[in-house]
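Analysis of the macromolecular model
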Amino acid sequence: MSELVLTVEKLFDGNHFHEQQTVIVNEGRIVSIEDTASGAQPAGGNGSLAGTLVAGYIDVQVNGGGGYLFNQNPDLDTIKQIGKAHQRFGTTGWLPTLITDSLVQMQRAADAIAKARLANVPGVLGVHFEGPRLSVAKRGAHAQQFIRELSEAELELFTRTDLGKVVVTLAPETVPKEAIKQLTEKGVIVCIGHSSATYEQTSEALSAGATGFTHLFNAMSPLTSREPGVVGAALEDKESFCGLIMDGVHVHPAAAKVAFNAKPNLMLVTDAMPPVGCDDEHFELAGQQVLRQGNTLTNSEGNLAGSALDMANAVKNANQLMGLSLSQAINLATINPARFLGIDKEYGSLGVGKKASMVLLNNQCEVVASWIDGVQVV
Ligand SMILES: [Zn+2]
């Protein structure tokens, strides 16, 4: 007995669009995808759904949503509420992201993630610790008082085995190469970000095992003629992954296009804050009021403080502002982040044997329905 039979007008499997397909899901996985253009409707199907079925979006940087901020109260309920807010925009896999905070708050966050994983809260793939070892000069909206050396306690926390995928953003000029090596050898995914590193220091961090860059272009040393900086090292390196906040505020479409042409491994992230999925005009972050004006969130120092972006709009912007094809835009939100996290055998595209985390889009790229591991959530 299959738990889900879905016939859709169009399906994008990660490579091609196919018309009139029937997807059969059993125990959370896709067991068959068949062309039903000319054949009879399979028994148990509920008619053909208008729209395009694509793999669910994976967002590796989510601070908040639905009025909730992970840093504010890093517990199980907060994770559930943020997840729900983002599901409406097609996010079926995500990393709750804790920005620079005290050790106690980091431990609370880790415990909440472990609980969420144990309780199978839909979509929680792990955790992203953005900080606390960042460059003070490039800290953006992170609280300076909590930026600090990594102690044994943080290293132990990052290498806990009950957290799923662990991403750590750090400034490589502030840590010994050996620390990056140790972390990555233990399975932690190290991203370079909030950093004033030189090209040299960045390249050394990549050789030591770092595989990603957090919000490319933002809060990092720029590419200049004689000093290519973090941005230059990121664009030059083909293997590593770069997150990009495509909200029309953080990155100029031309800069984003340059990155797309240079990097096979670009991925869309939201860096979302509490206003996503609700009408909140302001919230508190790291002791400062953050105000929303349109799509821009700024703290009282005038620094950008995350975004009001959701994944559906990130994909739409990659399509419309960057001028990418829909399939290219979708891949930046699906298979690329899945490859970054090393979960592309299960997630990131639609095929037999893959988990049924899927989104149905209308032709404005808006989310009509979504499923996580075969269970409908929208
Ligand atoms: Zn950041």
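Predicted, not measured: the structure shown is a model, and the values here were computed from it.

What follows is about unusual backbone geometry. Residue Pro132 follows Gly131 across a cis peptide bond; omega there is 15°. Positioned with a positive phi, His215 is a non-glycine residue whose angle comes to about 30°. Relative to the helices and strands, His215 is located in the loop between strand 12 (212-213) and helix 6 (229-236).

So, about the UniProt feature "active site" (unreviewed entry) in the chain. Following the UniProt record, the feature "active site" (unreviewed entry) maps to Asp271 here. Mapped onto the elements, Asp271 comes out in the loop between strand 14 (266-269) and strand 15 (282-285). Assessed through its relative accessible area of 7%, Asp271 is described here as buried. When neighbours within four sequence positions are excluded, Asp271 is seen to be in contact with Gln61, Asn63, Glu130, His215, Ile245, Gly306 and Ser307.

On to the coordination of the zinc ion. Surrounding the zinc ion are the protein donor atoms Glu130 (OE), His194 (NE2) and His215 (NE2), which sit 2.0 to 2.1 Å from the metal. For the zinc ion, the donor residues sit on a single chain with the sequence spacing E-x63-H-x20-H. Within this pair, whereas Glu130 is found in strand 9 (residues 126-130), its partner His215 is found in the loop between strand 12 and helix 6, the two being separated by 85 residues in sequence. For His215, a relative accessible area of 4% puts it in the buried group.

With that settled, the discussion passes to the nonpolar core. Phe129, Leu216, Leu266, Leu268, Met322, Phe340 and Leu341 are the most contacted members of the largest nonpolar core, which has 90 residues in total. Per-element accounting of this core gives the leading share, 7 residues, to helix 2 (residues 103-118). Those residues in contact with Leu268 that sit more than four places away from it in its chain are Ile58, Leu244, Met246, Met311, Ala314, Val315, Ala318, Ala329, Leu332 and Ala333. Among the nonpolar cores identified, the runner-up in size contains 15 residues, and Leu6, Leu11, Ile30 and Ala369 belong to it.

Taken as a whole and assessed by the stated rule, the structure comprises 6 salt bridges. Ionic pairing is found between Glu346 and Arg29, a salt bridge with its closest N-O pair at 2.8 Å. Taken as a pair, Glu346 in the loop between helix 10 (335-341) and strand 18 (358-361) and Arg29 in strand 3 (residues 29-35) lie far apart in primary sequence, 317 residues in all. Close ionic contact of Arg148 with Glu154 constitutes a salt bridge, the shortest N to O distance being 2.9 Å. Of the two residues, Arg148 and Glu154, both sit in the buried class. Here the salt bridges share partners, and the residues they tie into one network are Asp111, Arg160 and Asp162.

Moving on to the sheet that holds strand 2 (residues 17-26). The sheet built from 7 strands is open, its strands ordered 3-2-1-4-18-19-20 with mixed pairing. Of all the strands in the sheet, just strand 3 and strand 20 (375-376) have a single pairing partner and so form its edges. Two elements, strand 18 and strand 19 (residues 367-372), share 4 bridges in a ladder whose sense is antiparallel. Across the sheet, the residue bridging to Leu361 is Val367, located in strand 19. Sitting on the sheet, helix 9 (residues 326-333) is in contact with strand 1 (4-12), strand 2, strand 4 (48-55) and strand 18, with an inclination near 130° to strand 1.

Our focus in this paragraph is the side chain of Asn218. With respect to the element layout, Asn218 can be found in the loop between strand 12 and helix 6. In this structure Asn218 comes out as buried when scored by relative accessible area, which is 15%.

This paragraph deals with the UniProt feature "binding site: substrate" (unreviewed entry) in the chain. UniProt's feature table lists "binding site: substrate" (unreviewed entry) at Ala141, Asn218, Ala219, Arg226, His250, Leu304, Ala305 and Gly306, given in the numbering used throughout. A stretch of 166 residues holds the annotated residues, and the largest C-alpha distance among them is 30.4 Å, long enough that they do not meet in one place. Topologically, Ala141 is positioned in the loop between strand 9 and helix 3 (152-158). Aside from chain neighbours lying at most four places away, what touches Ala141 is Ile99, Leu285, Ala286, Asn299, Leu304 and Ala305. Note on placement: Gly306 falls in the loop between strand 17 (296-299) and helix 8 (311-320).

The next thing to look at is the packing of helix 5 (residues 199-207) against helix 6. Interhelical geometry of helix 5 versus helix 6 gives an angle of 45° and a closest axis separation of 7 Å. Regarding the angle of helix 5 to helix 6, the classification is oblique. At the point where helix 5 passes helix 6, the crossing takes the right-handed sense. Contacts between helix 5 and helix 6 pair Tyr199, Thr202, Ser203 and Leu206 from the former with Gly229, Val230, Gly232, Ala233 and Glu236 from the latter. A breakdown of the residues in the contact of helix 5 with helix 6 according to their chemical character gives 4 nonpolar, 4 polar and 1 charged.

For the rest of this paragraph, the subject is the pairing of strand 19. With 5 of 6 residues buried, strand 19 lies mostly within the body of the structure. Linking strand 18 back to strand 19 in an antiparallel pair, the connection comprises 5 residues, with Cys365 at a positive phi of about 65°. Of the pairings in the sheet, the one linking strand 19 to strand 20 comprises 2 bridges and is antiparallel in character. Residue Ile372 lies in a different strand from strand 20, and its bridge partner there is Val375. Two successive antiparallel strands, strand 19 and strand 20, enclose a turn made up of 2 residues, where Asp373 displays a positive phi of approximately 50°.

Next up on the list: helix 6. Here helix 6 lies mainly inside the structure; 7 of its 8 residues are buried. Listing the buried residues of helix 6 in full gives Gly229, Val230, Val231, Gly232, Ala233, Ala234 and Leu235. Buried positions along helix 6 lie against strand 11 (189-192), helix 5, strand 12, strand 13 (241-245) and helix 7 (253-262).

Rules used in this analysis
Residues numbered from 1 in each chain as written. Predicted model: local features only at pLDDT ≥ 70, side-chain atom pairs only at ≥ 80, totals over all residues. Heavy atoms only, no water. Helix = DSSP H or I, 4+ residues; strand = E, 2+ residues; numbered from the N terminus. UniProt positions renumbered as here; feature names shortened; annotations may be inferred. Buried < 20%, exposed > 50% of the residue type's maximum accessible area, 1.4 Å probe, protein only. Contact = heavy atoms within 4.5 Å. Donors = N, O, S within 2.8 Å, 3.2 Å for Na, K, Ca; no water. Core = buried A, V, L, I, M, F, W, Y, C linked by side-chain atoms within 4.5 Å. Salt bridge = Lys/Arg side-chain N within 4 Å of Asp/Glu carboxyl O. Pairing = 2+ DSSP bridges. Axes fitted to C-alpha atoms, helices over the stretch in contact; angles between N-to-C directions. Parallel < 35°, antiparallel > 145°, perpendicular 65-115°, else oblique. Left-handed = near helix turned anticlockwise from the far one by under 90°. Nonpolar A, V, L, I, M, F, W, Y, C, P; charged D, E, K, R; others polar.

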